[in-house]
Amino acid sequence: KKLTPPLVTLLSSESEVQYVALRNIRLIVQKRPGILAADVKMFFCKYNDPVYVKLEKVDIMVMLVTDKNYEQVLLELKEYASGVDVDFIRKSVRSIGRVAVKLERACERAISVLLELIETKVNYVVQEAAVVVKDIFRKYPSRYEQVLTALCESLESLDEPEAKASMIWILGEYAEKIDNVDELLDSFLANFHDEPAIVQLQLLTGIVKLFLKKPQQTQDMISKVLKYATEESGNHDLRDRGYIYWRLLSTEPENTKKVVLGDKPGIRDDSQIIEKSTLDRLITDLSMMSSVYHKTADEFVTRLATTAPTTIDTDAPEDEDYDEEDRQARRREVAEELERGPGDTRNGGGGGGGALDLLDLDGGGVGDLAPSADTPSPPAHPPKAVVLKPDQPGQTGKTGFGVMACVIREGGQIKLNMTFSNASPMVLNGFAIQVNKNPFGLGPAQALAVPDIAPGSAAEASLPMSAGLLQSGTQPTNPLFLQVAIKNSLDIFYFNVPFDLPVVLREAPALGRDEFMQLWQKVGDARQSTTSVNCPVRLNADHVKARLAFDNIQFVAQRQVDPSTLLLYVSCSTVNQVVVTAEVAVNSSSSTLKVGVRTETVSLVPLVEAALAKRLGSR
């Protein structure tokens with residue numbers, strides 16, 4: 001009881017303090033739900049709350065919902081779902097579903113709220129509602145079927161993979177209660193090969209369910225989907241599931257019904273639940289960083305190993321800790337200078353007496369560091385790495401086939417270069433290749449051509465690759481790699497080929513001034529990732545520009561910060577049209593470069609940092 005008043009007081013503080021308090025409150029509520037059970041209203045969102053505060057409040061509201069207050073909570077969430085912030089609206093709709101799954105008594109009211117939201121026909125609201133309704137049907141099967149008609153009427157609004165997969169699950173599960181279900185599923189089947197894996201897997205299962213319920217009407221459809229899955233797909237999971245269904249249907253159709261149409265395990269809302277042992281540790285660290293991250297200290301605190309003392313460059317400038325006013329001032333300065341452009345001499349720079357552009361869009365001139373006499377040589381292509389050893393077995397257990405490979409970009413063309421070795425006693429021929437779906441859609445642009453390989457011999461192959469052929473719809477991994485299968489007269493062999501981000505960076509021109517500034521400010525300081533690159537030699541601005549250009553990271557502009565520090569702004573674009581912006585601080589008295597990366601695709605940040613460090617940190 002003594003804990004509630006101070007927590008209420010903290011929620012009247014500045015937004016940042018509120019956020020820290022809310023993160024701690026989530027831990028307290030999970031550990032002791034009764035403490036704030038009667039105070040759910042204090043977590044209702046205010047119109048001027050920042051979105052990060054609103055998201056935390058909504059999670060706590062769901063954690064505190066009970067049979068006594070669910071009406072208030074659902075009405076509040078419905079109000080939020082009618083707002084303008086897309087992320088917050090999505091969160092609100094999902095939270096309505098979490099309330100329904102958590103409390104059976106609240107489910108009827110939650111369904112009526114979801115129906116009202118679906119009738120708005122707002123694209124992202126309908127998509128989230130489809131995902132939510134699927135979870136409700138899983139929790140309460142054969143109930144609340146009045147929502148089926150509304151969802152089927154909104155089918156054309158679905159374009160996100162999770163929403164499509166959820167809708168397909170609903171169609172398959174309730175096939176006997178939807179008159180035109182075969183037409184609806186057939187509309188998805190028409191674009192089967194273009195859909196991401198999550199949709200393909202669900203569509204395969206959905207059509208099998210439909211066939212088991214209406215076998216006479218769906219003979220052609222089941223044949224098509226099984227053929228697509230087993231013969232025309234490169235996804236191993238999809239192919240395996242297709243073969244399992246095919247064999248079940250052809251040998252034991254009655255048992256197939258038990259497997260596919262049997263009772264599903266129940267679900268519960270545990271999306272925000274922290275594992276008990278971790279929660280106990282976090283509770284002891286309330287008000288510390290662990291309670292904000294919801295991670296134990298050993299998960300995010302890096303302890304540096306003890307090393308021999310190093311020589312400190314006393315001439316190097318010390319790091320500056322910018323407070324919020326500094327950041328705001330700098331942001332205003334950047335915006336003003338960009339609006340003026342390079343020809344405006346208001347606010348002239350110091351030192352030389354001439355005008356100093358914040359971003360010298362002519363590519364050099366005032367404030368640039370002295371160019372080096374030597375020009376960097378183009379980097380060599382990475383050597384081939386061993387990706388399959390001759391003693392590694394193939395699909396049927398045979399050995400004797402080895403592969404060295406690398407992925408390069410040469411003259412604007414992506415190539416998969418391979419060396420095949422034959423350590424088996426037989427001649428290898430009949431080569432074919434298959435590449436799994438991947439985030440950049442890389443796939444063979446032509447058939448693999450390899451001559452016969454005699455025992456003890458080797459052969460080279462260079463295969464052009466095209467982007468956008470095999471999209472997985474997933475985020476890039478770190479490190480990047482291609483999953484490859486090679487078939488020959490010996491066996492089928494699977495291996496991964498690693499590659500660096502510059503392979504998938506296009507030879508695109510640098511962003512324009514306005515476009516760069518728009519993206520730079522849209523991502524903002526809060527989402528910028530900053531790191532340092534230690535170079536073996538001091539690099540000047542021209543050297544940095546030239547090195548980055550080798551990797552299709554293009555110079556946009558520059559800004560002189562002080563007599564010894566120049567900021568370079570650069571951009572690059574991936575083959576799937578994702579744009580990345582970066583800032584490189586070059587200091588004439590230090591060999592360390594500071595790099596700041598901004599992009600809306602967060603998973604690319606460590607890959608970009610690694611590419612910059614590799615290129616700038618090499619000799």
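Above this text sits the structure in question.
Residues numbered from 1 in each chain as written. Predicted model: local features only at pLDDT ≥ 70, side-chain atom pairs only at ≥ 80, totals over all residues. Heavy atoms only, no water.

Could you give an account of the pattern of salt bridges, with specific residues and numbers?
Summed over all chains, the structure comprises 27 salt bridges. With a closest N to O distance of 3.0 Å, Lys-415 and Glu-410 form a salt bridge. Looking at Lys-415, the relative accessible area reads 22%, which means it is partly exposed. Residues participating in the shared-partner salt-bridge network are Arg-23, Arg-26, Glu-56, Asp-59, Lys-91 and Arg-98. (Salt bridge = Lys/Arg side-chain N within 4 Å of Asp/Glu carboxyl O. Buried < 20%, exposed > 50% of the residue type's maximum accessible area, 1.4 Å probe, protein only.)

How would you explain unusual backbone geometry if you had to name every residue and give the values?
Note that the residue after Asn-478, namely Pro-479, is joined by a cis bond; omega there is 5°. You can see Pro-479 is positioned in the loop between β6 (458-466) and β7 (480-487). For Lys-121, which is not a glycine, the phi torsion comes out positive at approximately 65°. By secondary structure assignment, the location of Lys-121 is in the loop between α6 (107-118) and α7 (123-139). One non-glycine residue, His-294, lies in positive phi territory at about 60°. Locating His-294 in the fold gives a position in the loop between α16 (289-293) and α17 (297-300). Of the residues examined, His-294 reaches a relative accessible area of 15% and is grouped as buried. (Helix = DSSP H or I, 4+ residues; strand = E, 2+ residues; numbered from the N terminus.)

Account for the nonpolar core, naming residues and giving values.
The nonpolar side chains of soluble globular proteins are, as a tendency, buried together. One finds Phe-43, Val-93, Ile-136, Phe-137, Leu-171 and Leu-185 to be the most contacted residues of the largest nonpolar core, which totals 93 residues. Beyond its immediate chain neighbours, meaning those up to four positions away, Ile-136 contacts Ala-100, Cys-107, Ile-111, Leu-114 and Tyr-144. Membership of the second largest hydrophobic core comes to 62 residues, among which are Val-387, Ile-486, Leu-548 and Val-580. (Core = buried A, V, L, I, M, F, W, Y, C linked by side-chain atoms within 4.5 Å. Contact = heavy atoms within 4.5 Å.)

Explain the pairing of β6 to me, using residue names and the numbers behind them.
Direction of pairing for strand β3 (residues 413-422) relative to β6: antiparallel, over a ladder of eight bridges. Along β6, the bridge assignment pairs Phe-420 with Ala-459. (Pairing = 2+ DSSP bridges.)

Residues and numbers for the packing of helix α10 (residues 181-189) against helix α11 (residues 197-213), please.
α11 packs onto α10 with a crossing angle of 155° between their chain directions and a minimal axis gap of 11 Å. The angle between α10 and α11 falls in the class roughly antiparallel. In this structure, α10 crosses over α11, and the sense of that crossing is left-handed. On α11, the residues that touch Val-181, Asp-182, Leu-185, Phe-188 and Leu-189 of α10 are Leu-203, Gly-206, Ile-207 and Leu-210. Split into classes, the residues belonging to the contact of α10 with α11 amount to seven nonpolar, one polar and one charged. (Axes fitted to C-alpha atoms, helices over the stretch in contact; angles between N-to-C directions. Parallel < 35°, antiparallel > 145°, perpendicular 65-115°, else oblique. Left-handed = near helix turned anticlockwise from the far one by under 90°. Nonpolar A, V, L, I, M, F, W, Y, C, P; charged D, E, K, R; others polar.)

Residue-level account of the sheet that holds strand β13 (residues 592-598), with values.
Judged by pairing direction, the sheet is antiparallel, and its five strands sit side by side in the order β9-β13-β12-β11-β10 without closing on themselves. The open sheet has two edge strands with one neighbour each: β9 (529-534) and β10 (554-562). In this sheet, neighbouring strand axes are inclined to one another by 20° on average, regardless of whether the strands run parallel or antiparallel. As defined by bridge partners, strand β12 (residues 579-587) adjoins β13 across five bridges and the pair is classed as antiparallel. Residue Ala-582 lies in a different strand from β13, and its bridge partner there is Val-597. This element, helix α20 (residues 541-550), spans β10, β11 (565-573), β12 and β13 of the sheet and lies at about 10° to β11.

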